[in-house]
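Observations on chain architecture
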Amino acid sequence: MTDASRLIAGVILLTVVTIEFGGYFMTKIVRGHVPMTGFQKSFARAGHAHAGVLVIFSLVGLLYVDQTGLSGFWLWVGRLGIPVAAVLMSGGFFASSAGKDRTAPNQFLWILWLGALSLAVGVLTLGIGLIVA
């Protein structure tokens, strides 16, 4: 593993503490200690789940990216596309459901879609890089 991938993996592992805090917060939500609409609860669950899954996926991707022939800009897209998606997609779920008694996404839903784009570009770059290596 290159030094850059190792450093990024270390930072990603440190983010697990924030996901753990999110899990604790989810227990408060499901026990009714945090008032939320059904829509907000579902987006909180989705945001938490996407964070956890995409962080694991990010770590797996870093194991593969150094096995590609990618270089320069595309190497960094392959390295960072998935971790950036983890931040943007989970953040998009939370930001777009923020507000008292919200029952539909607010104007911040675009953050979620930007994260989906980052995920798509990251996995396509990594996948193609592995195929042609």
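Residues numbered from 1 in each chain as written. Predicted model: local features only at pLDDT ≥ 70, side-chain atom pairs only at ≥ 80, totals over all residues. Heavy atoms only, no water.

Under the annotation held in an unreviewed UniProt entry, the protein carries the name DUF2871 domain-containing protein and is attributed to Kribbella soli.

1. Things to note about the packing of helix α2 (residues 38–65) against helix α3 (residues 72–96)
Short version of the rule: To get an axis, a line is fitted to the C-alpha atoms, and for a helix only the part in contact is used. The angle between two axes follows their N-to-C directions and goes from 0 to 180 degrees. Helix and strand definitions follow DSSP, with helices as H or I runs of at least four residues and strands as E runs of at least two, each counted in order from the N terminus. For classification purposes, angles smaller than 35 degrees are called roughly parallel, those larger than 145 roughly antiparallel, those between 65 and 115 roughly perpendicular, and all remaining angles oblique. Amino acids outside the nonpolar list (Ala, Val, Leu, Ile, Met, Phe, Trp, Tyr, Cys, Pro) and the charged list (Asp, Glu, Lys, Arg) are all regarded as polar, and Gly is one of them.
Two numbers describe how α2 lies on α3: the axes approach to 7 Å, and their chain directions differ by 170 degrees. As the angle between them shows, α2 and α3 are arranged roughly antiparallel. Of the residues assigned to the contact of α2 with α3, the class counts are 18 nonpolar, 7 polar and 1 charged.

2. Some remarks on the UniProt feature "transmembrane region" (unreviewed entry) in the protein
Defined as follows: UniProt positions are given in the numbering used here, feature names are shortened, and annotations may be inferred rather than shown by experiment.
As annotated in UniProt, the feature "transmembrane region" (unreviewed entry) corresponds to residues 6–26, 47–65, 71–96 and 108–132 in the numbering used here. Across residues 6–26, the secondary structure splits into 100% helix and 0% strand, with the terminal C-alpha atoms separated by 31 Å. Between the end C-alpha atoms of residues 47–65 the distance is 26 Å, and the span holds 100% helix and 0% strand.

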